[in-house]
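As a plain string of letters, each chain reads:
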Amino acid sequence: RKTAVMLQLPLVVTAQVDLVLVLVSLLAFWTRLSRLSYPNAVVFDEVYYGQFVSLYMKRVFFIDDSGPPLGHMILAFGAYLGGFDGNFLWNRIGADYPSSVSVWSLRLLPALCGSLCVPLVYLLTLELNFSHLAALGAALLLLLENSLIVQSRFMLLESVLIFFVLLAFLSYLRFHNAPNSSWSRFSWLLLSGASCAAAVGVKYMGVFSYLLLLGVASLHTWNLIGDHTLNVCVQCVCRFMCLVVVPVLLYVFWFYIHLGLLSHSGPHDQLMSSAFQASLQGGLSRITQGQPLEVAYGSQVTLRSSASQPIPCWLHSHRANYPVRYENGRGSSHQQQVTCYPFKDVNNWWIIKDPGKQKLVVGSPPQPVRHGDVIQLVHGMTSRFLNSHDVAAPMSPHAQEVSGYIDFNVSMAAQNLWRVHISNREAESDVWKTILSEVRLVHVNTSAVLKLSGVSLPDWGFRQLEVVAEKLFKGHSSVLGWTVEEHRYGTSQEQKEREAELHSPTHIDIDRKMSFWAKFLELQWKMLTVKQEDSEHKYSSSPLEWITMETNIAYWLHSSTNAQIHLIGNPVSWGVANLSLLAYQLLAAVYLVRRRRGIKDLPDAVWCRFSCLGCVCVGGWVVNFVPFLLMEKTLFLYHYLPALCYLYVLSPALLEHAHTHLLSSAIQRQALGVCVSAVLLTVFLSYRNFCPLTYGSPELSANQLQGLRWRETWDILYRHR
Amino acid sequence: MAKGESITQWNKSGDTSTLRNRKSFPTSAPNTPVSKGQSCPTGNDAQSSNGTSAQFSSRLSDRHMCTVLLVLVVGLSFSTRLYKITEPPHVCWDETHFGKMGSYYINRTFFFDVHPPLGKMLIGLAGYMTGYDGTFPFMKPGDKYEHHNYWGMRGFCAVLGSLLPIFAYLIVLELSRSETAALIAASLLIFDTGCITISQYILLDPILMFFIMAAVLSMVKFNQQVYRPFSASWWLWLVLTGVNLAGALGVKFVGLFVILLVGLNTVWDLWRLLGDLSLSLVDIAKHFLARVVGLILFPLFFYVTVFAIHFVVLNKSGPGDGFFSSAFQSRLIGNNLHNASMPEYLAYGSTITVKNLRIAGGYLHSHWHLYPEGVGARQQQVTAYLHKDYNNLWLVHRQNTQSPTPDLVRHGDIIRLEHKETTRNLHSHLHEAPLTKKHFQVTGYGNNGTGDANDLWQVEVCGGQKGDLVKVLRSKVRFLHRATGCVLYSSGKTLPKWGWEQVEVTCSPYLKETPSSQWNIEDHINPKLPNISLSVLKPHFLEILLESHIVMIRGNSGLKPKDNEMNSKPWHWPINYQGLRFSGVNETEYRVYLLGNPVLWWMNLASLGLYLIMVAVASVALQRGFSLSQKRKEHSHVLMRGGGLLLLGWLLHYAPFYTMGRVLYYHHYFPAMLFSSMFLMIINVIFNLIFLCCSQKAPQNIGPLASICFFDFGFYLFHPLSYGMTGPLAHEPGSSMAGLKWMDSWEF
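Residues numbered from 1 in each chain as written. Chains lettered and ligands numbered in written order. Predicted model: local features only at pLDDT ≥ 70, side-chain atom pairs only at ≥ 80, totals over all residues. Heavy atoms only, no water.

## Quick word on the overall build of chain B
Then, number 1: Secondary structure summary: chain B contains 20 helices and 16 strands in total.
Then, number 2: By residue count, 57% of the 748 residues in chain B fall in the buried class.
Then, number 3: Long-range contacts, defined as pairs at least 24 residues apart, comprise 74% of the intrachain contacts of chain B with a sequence gap of at least 6.
Then, number 4: Of the roughly 30,800 Å² of accessible surface on chain B, 63% is carried by carbon and sulfur atoms. (Helix = DSSP H or I, 4+ residues; strand = E, 2+ residues; numbered from the N terminus. Buried < 20%, exposed > 50% of the residue type's maximum accessible area, 1.4 Å probe, protein only. Contact = heavy atoms within 4.5 Å. Areas by Shrake-Rupley, 256 points an atom, 1.4 Å probe, with all protein chains shown as cover.)

Shown next, in the form of structure tokens:
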């Protein structure tokens, strides 16, 4: 009987397909994906991201201060799908890719993200409660924007960032517009939170959009508080979970994958702490594998400064004395120099000596050094004692000089006792441990602390870094801390034997683990604080130049012909965007003042829609543009692209608003329609005009290139023949 | 003891009256002539005439208490600031700058400083009035004053500093209408060691803070005049606000923040007026124009007048000349450009200095130092230098031959510029410039004047034709590099340490005519040519004004932190992480250490957190529509309006420092500290809110009283910081500060 009932119902599939949406999506794919592997050469910042992709393929650890790891991982995933093995030297822009590299797959994911931005903008306009025509306009503006096309078609991250930002706003608005009763709408909120985490994970810049979204969401939630029909607490908690907790957890998750993938030591090891380095395969962990854990009297050690500024270095001494007089006339002790040296060297070895005993070997059983013990440090190669006294240091005269003690018989007694102060003894233990313990060496006679001053010595000090002892005990500071990095128990009593021993590599075996959270925090902190030399770039520009597109960026030039790719926006759309930004602000100001005077030009619902448009689009432009005015780093035109996308959503919506609410007569409306079509046509024409510079083909003659140089300040390259 | 009693007594009577007072104002119509909340100290005659006789008598005693309190605040404030004002009798910290600048005014010598002149002018005036003759050199901190009259300048600053607690008292009284709250705020400032210390010396900060507080006070008073627009007192407070704003900006550019605060307040006020539909558009326009006049035009006039006086008073050449353009320098008596006399047209064989036309562009300069490795070619540095120096001298040579006859240089000629001191030629080549990577590097190259083809420059007079002569001082000249076609350019960026923090000079391939690529010939020495008296075009006053502002702003942003110096970070300040040594380092010296009283500052911080929580709770309650008693609503109103204003003031004076690239010091926090101290008044409001339910007077009074005693105790503990310490340092036994070094970072 059941089957009979079922058969009575007709089997019907009803599908609604928005053909316009499909059409613009197809066009987007066509503009972004066609001939993706041309040019078959490294284009602009591919040279920068490429090296990280290679390092992912080889699973070698690196640190990049330009952004969190998700963006790099997405690029690396594309490369992985294409079977890239990481064997390509990313050394210069314009270098040809070998046939073994699948260029198409390297560029596929950013291009896909870039194409999907077009339908996303279409849907976003719909969610802002504007018509399909406005949505089509926004999609077309985005579709025909040359700079977005260029930025999408190469292995770069901006298109990925824009994709996630748009997705976050779209899904949030979906959530907001859905009826209150349905619980499924929270899945949209969850998607929004996840996209926010992804946007922030691709570039720090995503934080601006994320904060804007949080602002809009908290405003909506605030209005909810007055609503007595809802269970406000549950609503607030759900929103908080989806928009704050989930993104934070996801953000950490990107790092979890990142650290999970990169397990081998690599070029940036030096920036990290000893413990972090030891957790990587190869590198330091190979050297330190199986070192004895507890530092004992007679141990041979290298001491690394905990400070990574200006560069990581080891406590060092060598057979050269401080000059009797410095350039400025001050005198020194003329004793042996003690410095901090940024390279591995046999002169970095020191031996820990018990002041009460003469021998320099480890007893059996080894007697470990504890917090508070007094030790002497003997330099392995020269046998000088680490010493400090009341003589001004060479470069930092307010601090004490540190030297290898030489008795010149000038009534300057040796002051070579140091007290071991383990700063992290609560977390670790009272015993001085290799790599794990951070130690301060307190000079017993003067209670000064051994410190890396960070200043480089002049030529007489071989440009090594100055080490001083400073009396002021200023809280916690990494320049005061030292860690034992390489370590072995000394066995040879004779100096000659010992020298041979110091030259030989260390090797024994223990495994050391570091928890994920410790690694995450260290890595994130280092990424935010590592300062790479920030210098002006030939194509860098200042934010105010972006609005008028004063500068372009040359991405690629063919090695023999005039074919070239530039990041140049579509000047017409750029102008439309600027105009609409201005028009919105004027209009909003007029509306606000008139409303304040009690004149309501717009019905409440329309006003609400209008202000929501402003919050998202003008707000998005502001948060993605204004912070750059305050930044001191090198900036490029492509940093403006996210802000620009918001304006492209704004323009058609504003036109629709003008059409329905500002123009009353039919003739005016028709005129507007004509104008809009004319503008769209010019947008298309100017897109076509700049296509050769966007796609790098066809090659243009010098005259044609000259014709494309619409602004004096654009830098278009000509090849002299 | 007696003081404590009087406070309790006053609170018993005072509280009822304030509450009644509060009840009355939401109901009063806008145009009734009831003066709002002028309970103290100006009196409240209009209201008391309406009241019953009992009210009248309580109000009378209230007024009486008010006067007593105000007198108490005045007395305490002046006595704490003026106590030991002449100690220590030597130059402390930045007195070396500002005292020196005061002397410059007395001597009428031109100088350059990154701050506007009003503060230093007032210091100079105070010194002049009290018999200081401007002869003390103020060389370095620690110099003994001996017979020089320095107390007048210190006393002037201290008097302005003493007015701060009084202003704080009046501001809080206006905002909260509670004398208890006002007393708390005033006592916070009175007993703050940092505030005392910074007021006692010849510094700009007490003057700046005086104007800031005066501006806020006038603004608050002006806000109270809301129901009596265009009355005499309304105008008075409006104009006073404007004057004080101009004063604050005239002392330091930090005054911009208080201008922003007043600006936001005014915008808010106008927005409120706009929403008042009983006002016609004409009325609103009147309001708007009145504010434009009172808060923009009038202060601007005042500010410009200050500068006019500055330029009139300082008419002698001094250490600041090199920062300014040639035209500017010709105004100064004693400058070599004042009534200058030199050969009129640039000639071969002359010794010249070349000055960039960009404002604060500097002289073309070279010295015996090479560019470091990795920065272009390792050749001699060429920079732009702001001071007059013998290394700024260059010789003008013909392309090849040395002709003995002095021939004049013409537009289009190709010349060689030889640095006189090092005999190297001005040279450029296709290497990146050190900072501006789009430009080419400029170096000194060759020996004894022999170099290569890259040493040749073509002279071009701007707006000139081939064959035109180059007028000294008056022609704008550009130097085009022959080989690469670029133009000599001063980028205005400061080189790092290796370049002695002088300004970068490059060769720019962009040939647009900008002041950065234009130069003028300033000094011109040629014994073979007759000297002719040149009257340089005297600059217009507005040009001088603009130029001096740009020079000041450049100077300010040029104060970059040095690599080795311990740099104070903004987050250090509210937690009192580290102070500033005013005087003395070791045990035998008289030590003064600028450090806010930690007891008070940490309480400030706590009150900030408490405030945020309270506001959050209150606003959620209001938004959710809970029914609150009238009193609670009133308290919440004070909390949000008054507290919000102070919080905004604090934020505006504190947050911008996070974005500043220049070097920062601890004392930059003090204007913000004033706001955070007044903010503590909300403690009183919070006590009221919490204990309202108990409806007992005792806890309400005990809380504020206890906190004032607590401040007293904190002051007692830390007073040696301001009034000087001698003897052992704090971490050693037997010190006056023993056991008080609560943070390792404090250096006393």
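## Regarding the state of the cysteines
Disulfide: a covalent bond formed between the sulfur atoms of two cysteine residues.
Residues and elements named next belong to chain A.
Then, number 1: Enumeration according to the criterion identifies two disulfides over all chains in this entry.
Then, number 2: A sulfur-sulfur separation of 2.1 Å characterises the disulfide bridge that pairs Cys313 with Cys340. One disulfide, between Cys313 and Cys340, carries an S-S torsion of 95 degrees and so falls in the right-handed class. Of this pair, Cys313 sits in the loop between strand 1 (299-305) and strand 2 (314-321) while Cys340 sits in strand 3 (residues 336-341), and the two are 27 residues apart along the sequence. When sorted by exposure, Cys313 lands in the same class as Cys340, which is buried. (Disulfide = S-S within 2.5 Å.)

## So, the side chain of Ser516 of chain B
Residue and element names in this part refer to chain B.
Then, number 1: Positionally, Ser516 belongs in the loop between strand 12 (503-508) and strand 13 (519-525).
Then, number 2: For Ser516, a relative accessible area of 10% translates into the label buried.
Then, number 3: When sequence neighbours within four positions are dropped, the list of residues in contact with Ser516 reads Asn356, Arg358, Leu488, Tyr489 and Ser490.

## Focus on the interface of chain B and chain A
Then, number 1: Each side of the interface is counted separately: chain B has 29 residues, and chain A has 27 residues.
Then, number 2: Contact with chain A buries area across many residues of chain B, yet Lys438, Gln623 and Arg624 of chain B alone supply 31% of it, more than any other trio.
Then, number 3: The interface formed by chain B and chain A includes zero salt bridges.
Then, number 4: Counting only elements with at least two residues in the side of chain B that touches chain A, the list comes to helix 11 (255-275), helix 12 (281-313) and helix 15 (598-624) of chain B.
Then, number 5: A total of five residues in the side of chain B that touches chain A trace back to one element, the largest contributor, which is helix 11 of chain B.
Then, number 6: Residues belonging to the side of chain B that touches chain A are distributed by class as follows: 11 nonpolar, nine polar and nine charged. (Buried area = accessible area lost by both parts, 1.4 Å probe. Salt bridge = Lys/Arg side-chain N within 4 Å of Asp/Glu carboxyl O. Nonpolar A, V, L, I, M, F, W, Y, C, P; charged D, E, K, R; others polar.)

## A few points about the packing of aromatic side chains
Then, number 1: The tally for this structure, following the rule as stated, stands at 71 aromatic pairs over all chains.
Then, number 2: Aromatic side chains Tyr145 of chain B and Tyr150 of chain B sit 4.1 Å apart centroid to centroid with 10 degrees between the ring planes, which places their arrangement in the stacked category.
Then, number 3: Arranged with centres 6.1 Å apart and planes meeting at 75 degrees, the rings of Phe257 of chain B and Phe657 of chain B form a pair that is edge-to-face. On the criterion of sequence distance, the pair formed by Phe257 of chain B in helix 11 and Phe657 of chain B in the loop between helix 16 (630-654) and helix 17 (670-679) is long-range, its members being 400 residues apart.
Then, number 4: Among the aromatic residues, those joined into a ring-pair cluster are Phe257, Trp573, Trp601, Trp650, Tyr654, Phe657, Tyr658, Tyr666, Tyr669 and Phe670 of chain B.
Then, number 5: Lying over the aromatic face of Phe186 of chain A, Arg185 of chain A brings its terminal NZ or CZ to 5.5 Å of the ring centre.
Then, number 6: The aromatic ring of Trp349 of chain A is capped on one face by Arg488 of chain A, whose charged end is 4.3 Å from the ring centroid. (Phe/Tyr/Trp six-rings, centres within 6.5 Å; stacked < 30°, edge-to-face > 60°. Lys NZ or Arg CZ within 6 Å of the ring centre and 35° of its normal.)

## A word on the packing of helix 4 (residues 69-81) of chain A against helix 9 (residues 185-202) of chain A
All names here are of chain A.
Then, number 1: Interaxial distance between helix 4 and helix 9 falls to 5 Å at its minimum, and their mutual angle equals 90 degrees. Our classification of the angle between helix 4 and helix 9 gives roughly perpendicular. Contacts between helix 4 and helix 9 involve Pro69, Leu70, Gly71 and Ile74 from the former and Ala198, Gly201 and Val202 from the latter.
Then, number 2: Class assignment of the residues belonging to the contact of helix 4 with helix 9 gives a composition of five nonpolar, two polar and no charged. (Axes fitted to C-alpha atoms, helices over the stretch in contact; angles between N-to-C directions. Parallel < 35°, antiparallel > 145°, perpendicular 65-115°, else oblique.)

## What to know about the UniProt feature "domain: MIR" (unreviewed entry) in chain A
Then, number 1: The positions UniProt marks with the feature "domain: MIR" (unreviewed entry) are residues 292-355 and 366-423 of chain A.
Then, number 2: Across residues 366-423 of chain A, the secondary structure splits into 0% helix and 40% strand, with the terminal C-alpha atoms separated by 23 Å. (UniProt positions renumbered as here; feature names shortened; annotations may be inferred.)

## A word on the pattern of salt bridges
Then, number 1: Enumeration according to the criterion identifies 20 salt bridges over all chains in this entry.
Then, number 2: Between Arg174 of chain A and Glu127 of chain A there is a salt bridge, and its shortest N-O distance comes to 2.6 Å. Taken together, the residues span a long stretch of sequence, with Arg174 of chain A in helix 8 (residues 158-177) and Glu127 of chain A in helix 5 (residues 103-127) at a distance of 47 residues.
Then, number 3: Between Lys221 of chain B and Glu174 of chain B there is a salt bridge, with the nearest N and O atoms lying 3.0 Å from each other. Taken together, the residues span a long stretch of sequence, with Lys221 of chain B in helix 9 (residues 205-224) and Glu174 of chain B in helix 6 (residues 151-176) at a distance of 47 residues.

## A few points about the nonpolar core
A general tendency of soluble globular proteins is for nonpolar side chains to be buried together.
Then, number 1: Core analysis: the biggest nonpolar cluster contains 155 residues, and Trp90, Tyr172, Ile553, Tyr555 and Tyr640 of chain A have the highest contact counts within it.
Then, number 2: The element that contributes the greatest number of residues to this core is helix 8 of chain A, accounting for 14 residues.
Then, number 3: Sequence-distant contacts of Ile553 of chain A, defined by excluding residues within four places in its chain, comprise Phe44, Tyr539, Ile565, His566, Leu567, Phe636, Leu637 and Tyr638 of chain A.
Then, number 4: If you look at the next biggest cluster of nonpolar residues, it comprises 148 residues, including Met153, Ala290, Met614 and Leu646 of chain B. (Core = buried A, V, L, I, M, F, W, Y, C linked by side-chain atoms within 4.5 Å.)

## Observations concerning the environment of Val487 of chain B
Then, number 1: Looking at where Val487 of chain B falls in the secondary structure, it is placed in strand 11 (residues 487-494).
Then, number 2: Separated by 64 residues in sequence, Val487 of chain B and Val551 of chain B have C-alpha atoms that sit 24 Å apart.

## Examining the domain arrangement of chain A
Then, number 1: Along its sequence, chain A is carved into domain 1 (292-505) and domain 2 (540-720).
Then, number 2: When each unit is reduced to the centre of its C-alpha atoms, the spacing between domain 1 of chain A and domain 2 of chain A is 61 Å. (Domains from an automatic or database assignment.)

## Here we look at the pairing of strand 1 of chain A
Residues and elements named next belong to chain A.
Then, number 1: For strand 1, the buried fraction is high: seven of the seven residues fall into the buried class.
Then, number 2: Every second residue of strand 1 is oriented toward a common face, with Ser299, Val301, Leu303 and Ser305 on one face and Gln300, Thr302 and Arg304 on the other, all of them buried.
Then, number 3: Bridging between strand 1 and strand 12 (residues 482-489) involves six bridges; their strand directions are antiparallel. Residue pairing in the sheet places Arg304 in a bridge with Thr483 of strand 12.
Then, number 4: Bridge analysis of strand 1 against strand 4 (residues 349-353) gives three bridges, and the strand direction is antiparallel. What sits directly across from Gln300, in strand 4, is Ile351. (Pairing = 2+ DSSP bridges.)

## Observations regarding a nonpolar patch on the surface
Then, number 1: A cluster of nonpolar side chains, contributed by Leu544, Val622, Val626, Leu629 and Leu630 of chain A, occupies part of the molecular surface with about 420 Å² of accessible area.
Then, number 2: Locating Leu544 of chain A in the fold gives a position in helix 16 (residues 543-547). (Patch = residues over 30% accessible without salt bridge, like charges linked within 9 Å, V, L, I, M, F, W, Y side chains within 5 Å.)

## Some details on the side chain of Ser540 of chain A
Then, number 1: Secondary-structure assignment places Ser540 of chain A in the loop between helix 15 (516-529) and helix 16.
Then, number 2: Sequence-distant contacts of Ser540 of chain A, defined by excluding residues within four places in its chain, comprise Thr634, Leu635 and Phe636 of chain A together with Lys438 of chain B.

## Brief notes about the environment of Ser34 of chain A
All names here are of chain A.
Then, number 1: For Ser34, the position within the fold is in the loop between helix 2 (19-33) and helix 3 (46-57).
Then, number 2: When the C-alpha atoms of Ser34 and Ala111 are compared, they prove to be 9.8 Å apart, with 77 residues separating the residues in sequence.
Then, number 3: In contact with Ser34, not counting residues within four places along its chain, are Phe29 and Arg153.

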